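Okay, here's what each chain looks like letter by letter:
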Amino acid sequence: MDVHARSVVACGLDRETGEVLERRLTPDHREILEWIGGLPAPVAVTYEAGPTGFGLARALAGAGITCAVAAPSKLIRPPGDRVKTDARDAALLARLLHLGEIVAVTVPSVVQEAARDLVRAREDCRADLMRCRHRVSKLLLRQGIVYYGGNPWTLAHERWLRQQSFDCPGLGTAYREAFDAVLATRDRRERLDAAIVALAGDCEFTPVVQRLGCLRGVSTLTAFALASEIGDWDRFTGRSIGAYLGLVPTEYSSGGTRVQGGLTRTGNSHARRLLIEAAWHHRKPYSPTVVLRRRWDVASAAARTRGHAANRRLHHRWERFDERRKRSVVANAAVARELAGWCWSLAVLEE
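Quick caveat: nothing in here was measured; it's all calculated off a predicted structure.

Right, let's talk about the overall build of the protein for a bit. On a plain count of helices and strands, the protein comes out with 13 helices and 7 strands. Burial analysis of the protein (351 residues in total) assigns 39% to the buried set. Contacts in the protein between residues at least 24 apart in sequence constitute 61% of all its contacts with a sequence separation of at least 6. Carbon and sulfur atoms make up 52% of the accessible area of the protein, which totals about 20,100 Å². Distance from the positive charge centre (52 side chains) to the negative charge centre (39 side chains) of the protein: 10 Å.

Empty space among the atoms becomes apparent when a probe as large as a water molecule is rolled across them. Estimates place the volume of the largest pocket at around 920 Å³. Forming the boundary of the largest pocket are 29 residues, of which Ala71, Val105, Tyr244, Gly267 and Asn268 lie nearest the centre. When contributions to the lining of the largest pocket are tallied by element, the ones reaching two or more residues are α4 (110-142), α8 (220-230) and α9 (240-244). The element contributing the most residues to the lining of the largest pocket is α4, with 5 residues.

With that settled, the discussion passes to the packing of aromatic side chains. For the structure on display, the rule yields 6 aromatic pairs. Their ring planes at 50° and their centres at 5.1 Å tell us that Tyr147 and Trp160 sit as a pair that is tilted. Highlighted residues: Tyr147 in the loop between α4 and α5 (155-162) and Trp160 in helix α5, separated in sequence by 13 residues. Take Trp160: its relative accessible area is 18%, and that puts it in the buried class.

Cut-offs used in this document
Residues numbered from 1 in each chain as written. Predicted model: local features only at pLDDT ≥ 70, side-chain atom pairs only at ≥ 80, totals over all residues. Heavy atoms only, no water. Helix = DSSP H or I, 4+ residues; strand = E, 2+ residues; numbered from the N terminus. Buried < 20%, exposed > 50% of the residue type's maximum accessible area, 1.4 Å probe, protein only. Contact = heavy atoms within 4.5 Å. Areas by Shrake-Rupley, 256 points an atom, 1.4 Å probe, with all protein chains shown as cover. Lys, Arg positive; Asp, Glu negative; His and termini not counted. Charge placed at Lys NZ, Arg CZ, Asp CG, Glu CD. 1 Å grid on protein atoms, 1.4 Å probe; cavity = no way out; pocket = protein on both sides within 12 Å on 5 of 7 lines; lining within 4 Å. Points joined across faces, edges and corners; volume = space filled by probe spheres on them. Phe/Tyr/Trp six-rings, centres within 6.5 Å; stacked < 30°, edge-to-face > 60°.

Distances and angles like these do not, on their own, reveal function.
Structure (structure tokens):
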């Protein structure tokens, strides 16, 4: 099925006779289930993952119908096919399903999807706050006003921003509105942080969050985001999770030639960014801080032992890279790839 917000184009392929059935439906689940119920059993359904979500997949699973939500990036499309219509897309999906060439994504539970929405709302708020701050700083820069009192966006910097005033009414109004947007967005981020911390303390992800918190650079917010974005860690191994998150190098090899490039950057971009940021924390000499020890207190002894080993190992990796004068961004990507494996190890740890 080719599913859109206001229409669904379905194509049925009978594997015994080769007969093709086409039907244009509405997104109403009852109508879709009624049409599928009239097809000769057994029936398997597929559609592409997209903005319409997983509600249809859950409805089909609830009716006892096998449904595979296809990963769009893994679909095999003929390179010479220059005509794209809903009917042709549905027919292509039907043929790939018949051949067993559909790479399905994992359908999250309602609870997991709700947690993921909360985490992504916080990520959107973080990006909004960065844009609001840029508007304020660039507005001042156009007037030749630059802050030299230390790091920006601290309490001292905020007091300095409040002292700025302009004689031109239009400029003053623009500045006040931009600064108010920064304060409002920051308050929204703090509310989302508090909601995530509260949910992380008592939900199905709490055990994983507590174990991941044994790693340096993985706070409650980061651990909860990784747990909700990845969901079922048992799908992966310590080697495969790096590829899933796009932390492995690209490769163009043929014959005796092997060429590797930058990171593939496939998979979940939010989880990848969190791991890249967390990996920088392991460059400093390893000495457990008070905050890290507090996170250890709520984890099991096995998680603490493995987290301690991971922190020592990742810092040692950084030392080796620095000795070789490896470019810091390249070294950090390698540490992030190994950090992903340690996160998997803690997530699937049996206590």
